[in-house]
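# Structural description and commentary
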Amino acid sequence: MRKNIVAGNWKMNTTLQEGVKLAEEVNEALKNTSAKCDVVICTPFTHLASVASVIDANILGLGAENCADHVSGAYTGEVSAAMVASTGARYVILGHSERRQYYGETAETLREKVALALANGLTPIFCIGEVLAERENGTYNEVVKAQIVDGLFQLSAEDFGKIILAYEPVWAIGTGKTATADQAQDMHAHIRNVIADKYGKEIADNTSILYGGSCKASNAPELFSKPDVDGGLIGGASLKCADFMGIVNAF
Ligand code: PEP
């Protein structure tokens, strides 16, 4: 059975001290609530080991926001999947639209990153989503399908079963403009069909597909009520404990 998941993407926000405090707050809040979904925070690399040491991994998962497309060696400034895993993190966001757009991530580099993440026991949260022009010219279904095919369909069925998908329409990220719950549902159903065509209905039904893009406590209940929306990847609203918990409690 697929899981409901709410995952925070802190992006390049918080100092180490602020991040550890926020992680402690979320961990404490989760201790005092019976969350009906898995909860994950994805933090800057610099925060991972410290955050891992203050949270209870049984109630709050930890992830990175990226990893390198090489195993190790002369790649100044890069952080490998093995390094991420060695901090205690269990997840890694891959293919976020900001990385595709600003750092030139291609399907080819993403295939390497996915393989290395899996080889090191990390669960990829693999992001896909169309830009505004593609939404407006009606090519969004094909665009998202191509991102899945090119980035993930090299995987065996067993490995594909370890992937979490996050549908993040780029026009909705950080803009305050959320996709409607019906737009999200239509795309998530499309994504599930694309997966079913390649790997079969059982694997498609077991894949968690999160929605991301200006998700907040006020719109999460309607989004999460849709049958193919299995939770959210949360940017801005993951930076304050109360806002994030408002989304967690939407389940
Ligand atoms: C994101 O960048 O993953 C995201 C969903 O951001 P926001 O919630 O701020 O739109």
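Okay, so let's go over this structure. As a convention, each chain's residues are numbered from 1 in the sequence order in which they are written. Restriction of local features to residues with pLDDT of at least 70 applies here, the model being predicted, together with a cutoff of 80 or more for giving and counting side-chain atom pairs; totals for whole chains, interfaces and linings are based on all residues. Hydrogens and waters are ignored; side-chain quantities use all the structure's heavy atoms.

## So, helix H9 (residues 181-199)
Given 3.6 residues per turn, any residue in an α-helix points the same way as the ones three and four places further on. Numbering goes from the N terminus for both helices and strands, where a helix is a DSSP run of H or I of at least four residues and a strand is a run of E of at least two. Here the expected length of a helix is defined as 1.5 Å per residue gap, with one fewer gap than residues. Given a rise of 1.5 Å per residue, 19 residues ought to cover 27 Å, and the 26 Å separating the end C-alpha atoms of H9 matches this to within 8%. At the C-terminal side of H9, Gly200 shows a positive phi close to 100°.

## Some details on the nonpolar core
Put simply, a nonpolar core is a bunch of buried Ala, Val, Leu, Ile, Met, Phe, Trp, Tyr and Cys residues held in one set by side-chain atoms that sit within 4.5 Å of each other. Note on classification: 1.4 Å probe, protein chains only; a residue is buried when its accessible area is under 20% of the maximum for its type, exposed when over 50%, partly exposed between these limits. Membership of the largest hydrophobic core comes to 64 residues, with the highest contact counts inside it found for Phe126, Leu152, Leu165, Ile191 and Tyr211. Residue contributions to this core peak at 7 residues, all from H9. The residues touching Leu165, leaving out its near neighbours within four places in the chain, are Phe126, Ile128, Leu152, Phe160, Ile191, Ile195, Thr207, Ser208, Ile209 and Leu210. In what follows, residue pairs with any heavy atoms lying within 4.5 Å of each other are defined as contacts.

## A few points about the site of the ligand
When we say a residue is near a molecule or strand, we mean one of its heavy atoms is within 4 Å of it. Close to the ligand lie 14 residues, the nearest being Lys11, His96, Glu168, Gly174 and Ser214. We call two N or O atoms a polar contact when they sit within 3.5 Å, provided that within protein one can donate a hydrogen and the other can accept it, with sequence-adjacent residues counted only if both atoms are side-chain atoms. One of the side-chain N or O atoms of Lys11 is found 2.6 Å from an oxygen atom in the ligand. Backbone polar atom of Gly235 to an oxygen atom of the ligand: 2.8 Å apart, as the coordinates give it. Split by residue class, the shell around the ligand holds 4 nonpolar, 8 polar and 2 charged. Residues are grouped as follows: nonpolar covers Ala, Val, Leu, Ile, Met, Phe, Trp, Tyr, Cys and Pro; charged covers Asp, Glu, Lys and Arg; every other residue, Gly included, is treated as polar.

## Digging into the pattern of salt bridges
Here, a salt bridge means any Lys or Arg side-chain nitrogen found within 4 Å of an Asp or Glu carboxyl oxygen. A complete count under the given rule lists 14 salt bridges for this structure. Note that Asp159 and Lys162 form a salt bridge whose closest N and O atoms lie 3.0 Å from each other. A relative accessible area of 39% places Lys162 in the partly exposed class. Here the salt bridges share partners, and the residues they tie into one network are Arg2, Arg192, Asp228 and Asp230.

## Section: the sheet that holds strand S5 (residues 123-128)
Only strands that DSSP links by at least two bridges are regarded as paired with each other. The parallel closed barrel is built from 8 strands, whose spatial order is S1-S2-S3-S4-S5-S6-S7-S8. Going across the sheet, the axis of each strand differs from the next one's by a mean of 25°, ignoring polarity. Note that strand S4 (residues 91-94) and S5 share 4 bridges and pair parallel. Bridging from a neighbouring strand, Val92 pairs with Pro124 of S5. Note on geometry: axes are C-alpha line fits, over the in-contact stretch for helices, and angles between N-to-C directions span 0 to 180 degrees. Set on the sheet, H9 makes contact with S5, strand S6 (164-167) and strand S7 (209-212); between it and S7 the angle comes to about 145°.

## Quick notes on the pairing of S6
Burial along S6 is two-sided: Ile164 and Ala166 facing one way and Leu165 and Tyr167 facing the other are all buried. Two elements, S5 and S6, share 4 bridges in a ladder whose sense is parallel. Bridged to Ile125 within S6 is Ile164. In this sheet, S7 lies alongside S6 in parallel orientation, the contact comprising 3 bridges. What sits directly across from Leu165, in S7, is Ile209.

## As for unusual backbone geometry
Comment: phi is negative for the bulk of residues other than glycine, and the bulk of peptide bonds are trans. Residue Thr14 is not a glycine yet carries a positive backbone phi of 80°. At Ser214, a residue that is not glycine, the phi angle is positive and equals roughly 55°. Within the element layout of this structure, Ser214 appears in the loop between S7 and helix H11 (220-224).

## As for the packing of aromatic side chains
Only rings of Phe, Tyr and Trp enter the pairing, Trp through its six-membered ring, and a pair is recorded when the two centres are within 6.5 Å. The plane angle decides the type: under 30 degrees is stacked, over 60 is edge-to-face, the rest tilted. Applying the stated criterion to the full structure yields 5 aromatic pairs. Here the aromatic rings of Phe153 and Tyr199 are separated by 5.3 Å at their centres, their planes lie at 85°, and the arrangement is edge-to-face. Here Tyr199 lies in helix H9 and Phe153 lies in the loop between helix H7 (140-152) and helix H8 (157-160), a separation of 46 residues in the sequence. Each member of the pair Phe153 and Tyr199 is classed as buried.

## A look at the side chain of Ser97
Structurally, Ser97 can be placed in helix H4 (residues 97-102). A residue is classified by how much of its surface remains accessible, and Ser97, at 13% relative accessible area, is buried. Sequence-distant contacts of Ser97, that is, excluding residues within four places in its chain, are made with Val170 and Ile173.

## Concerning the environment of Phe45
One can find Phe45 in the loop between strand S2 (38-42) and helix H2 (48-54). Residue classification places Phe45 among the partly exposed positions, given a relative accessible area of 31%. Each C-alpha atom, one on Phe45 and one on Thr87, is 9.2 Å from the other, the two residues being 42 residues apart in sequence. Phe45 has contacts with Ala64, Asn66, Cys67, Val79 and Val84, leaving out every residue within four places of it along the chain.

## Structural notes on the packing of helix H1 (residues 16-31) against helix H12 (residues 241-248)
Where H1 contacts H12, the two axes come as close as 10 Å, and the packing angle between them is 40°. Considering the angle they form, H1 stands oblique to H12. For H1 against H12, the interelement crossing comes out right-handed. Of the residues in H12, those touching H1 at Leu22, Glu25, Val26, Ala29 and Leu30 are Cys241, Phe244, Met245 and Val248. Partitioned by chemical class, the residues of the contact of H1 with H12 number 8 nonpolar, no polar and 1 charged. Our angle categories are set so that under 35 degrees counts as roughly parallel, over 145 as roughly antiparallel, 65 to 115 as roughly perpendicular, and the remainder as oblique. Handedness of a crossing follows from how the near helix is turned relative to the far one, being left-handed for an anticlockwise turn of less than a right angle and right-handed for a clockwise one.

Purely geometric stuff here, so don't read any function into it on its own.
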